[in-house]
Amino acid sequence: MGKRKVPDLYKAPFPLFSIKVDPKLGLVIVAGGGGASKTGIKNAVQFLDLQLVGDHQYSTSLVHSHDTDTRATMNMAVGDGVIAAGQDGTCHLMKFKDCKKKEGGKAEHGTATSQGDARHRAGRGKKDAALAAGDAAGMKDETAQVSVTEMAEVQSDLNPKDPFQKVVRFSPDLSLLMTGGTDGHIRVWEFPSLKKKFDFKAHEGEIEDLDMSPGNKHLVTVGKDFSCNVWSGNQMVTALKWHETTSHVMEKTYQYRACRFGKLEDQEDAVRLYTVQIPHKRDRRPPPCYLTKWDGKSFLPMMTAPCGSESISCMALSDSGTFLGLGTVTGSVAIYIAFSLQKLYYVLESHGLVVTDLAFLPNSVKGRSLKGNNEAAMFSVAVDNGCQVHVIPNRRSFPVWLVILMCGLMVVVVVLLLQLVFPGFF
């Protein structure tokens, strides 16, 4: 643990805001850009071919770059060969598929590029931290191995001043598409027909995060209004009260930042909900952020644990429900054991700027083949243009046959010692 150097797996020619891993193809999909600002920073969704090198290391190469014109993709969801990309106040749906590599061509490898200025919320009026840029040649891919087709576009935020989609998710069974934005509304479409099913006011102010439980039974939403609400359809079931689990935390001193549903490997029907709470105000000596584990059916709190004083910017959960990933505004990356909420892995300021998204290698056939001799592999992206991979190696264990053999030898040794000490005992 502590500060150590994690090399970039890939360096994009623009700031990165979202990352996903396609379960079927194993492609790492990153997205971002400079938005409508005239800085020369491009906007694109890029597809990276991931390769396992040895047992624990990875390499990647750019196989296709899809230009998104003047709009940067700030968030996205991937399901069954479809990308739902949040761009300003709309959600763009794009279908992608693997295609044959051109004869004699070579995939373009990611390289570091020069740095320039861009905006964290692309297309909005305020500039954020300085981000990296690259020239137009870095965006070209002469040997595209992935084809992208525009499918549809839906209006996902109706804020009259500055419409901006902040989060998008597919339901676990891919039958629903859900979005949240700055107008506080949750919008749910049937997928793939895109027939609108729900449109309701969930929070006063911006939506920070949302997630759907297995079986599409409950939707959990996180808002900037200090609330985390549970919904059945468009009817609120309950509002979570994490502060009641700790005696020293007052209401409205913390706000919810993220939420994720997860399953348990050894209990098929059990569901857990995980939330992150961050201080509403930052002090010179900032108080800790907190992780809370909830029963995913009764929504009663089960455990709360501090997770450091760096403000959490994003969270991810592995498909198995075993690991929780956290990114911070200062660029640090951590992995926790979901069962105990104990920190397992931590790199201080792994990225130079805020970590914008995380994604675990999926537990699919392709994902398992890429896992190698690791328990988990998690990818992180940041506005410093970098994409990194963080691995948890398999813990060393003895084969069952060796354990049995050692137990047998111990029994033999004990018997021999007893014969020496007590000759007439046997």
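Below or above, wherever it landed, is the structure these notes cover. (Residues numbered from 1 in each chain as written. Predicted model: local features only at pLDDT ≥ 70, side-chain atom pairs only at ≥ 80, totals over all residues. Heavy atoms only, no water.)

1. Digging into the nonpolar core
The criterion, for reference: Side-chain atoms within 4.5 Å link the members of a nonpolar core, which is a set of buried Ala, Val, Leu, Ile, Met, Phe, Trp, Tyr and Cys residues. Only protein chains enter the area calculation, which uses a 1.4 Å probe; residues under 20% of their type maximum are buried, those over 50% are exposed, and those in between are partly exposed. Only DSSP runs of H or I covering at least 4 residues are called helices, and only runs of E covering at least 2 are called strands; the numbering of each starts at the N terminus. By definition, residues are in contact when any of their heavy atoms lie within 4.5 Å.
In terms of nonpolar packing, the biggest core is built from 24 residues, with Ile19, Val28, Leu50, Tyr58, Leu361 and Phe379 touching the most fellow members. Those elements that place two or more of their residues in this core are β2 (16-21), β3 (28-33), β4 (43-53), β5 (57-67), β29 (374-382) and β30 (386-393). Setting aside its immediate chain neighbours within four residues, Ile19 contacts Val28, Ile29, Val30, Met76, Asp357, Leu358, Ala359, Phe379, Val381 and Cys387.

2. Some details on the sheet that holds strand β20 (residues 254-264)
This is how the line gets drawn: At least two DSSP bridges between two strands are required for those strands to pair. Axes, fitted as lines to C-alpha atoms, cover a helix only where it is in contact. Angles between the N-to-C directions of the axes lie from 0 to 180 degrees.
An order of β20-β21-β22-β23 is seen for the four strands of this open sheet, with the pairing classed as antiparallel. With one partner strand each, in any of the chains shown, β20 and β23 (301-306) form the two edges of the open sheet. For this sheet, the mean inter-axis angle between neighbouring strands, taken without regard to orientation, is 20°. Bridge analysis of strand β22 (residues 290-295) against β23 gives five bridges, and the strand direction is antiparallel. Bridge assignment links Thr292 to a residue of β23, and that residue is Thr304.

3. A closer look at the pairing of β5
Counting buried positions along β5 yields eight of eleven residues, so the element is predominantly enclosed. Two strands pair when backbone bridges link them, and β4 and β5 are joined in this way by ten bridges, in the antiparallel orientation. Each bridged residue has a counterpart across the sheet, and for Asp49 the counterpart in β5 is Ser61. Remark: three residues form the turn of the hairpin made by β4 and β5, two consecutive strands paired antiparallel; Gly54 in that turn has positive phi of roughly 75°.

4. As for the pairing of strand β17 (residues 219-223)
Burial of β17 is extensive: five of the five residues sit out of reach of the surface. Burial along β17 is two-sided: Leu219, Thr221 and Gly223 facing one way and Val220 and Val222 facing the other are all buried. In the sheet, strand β16 (residues 207-212) pairs with β17 via five bridges, with the strands oriented antiparallel. Of the residues in β17, the one forming a bridge with Met212 is Leu219. Here β16 folds back onto β17 in antiparallel fashion, the turn holding six residues, of which Gly215 has a positive phi close to 80°. Note: β17 against strand β18 (residues 228-232), four bridges, orientation antiparallel. Looking at the pairing, Leu219 lines up with Trp231 of β18. Two successive antiparallel strands, β17 and β18, enclose a turn made up of four residues, where Phe226 displays a positive phi of approximately 75°.

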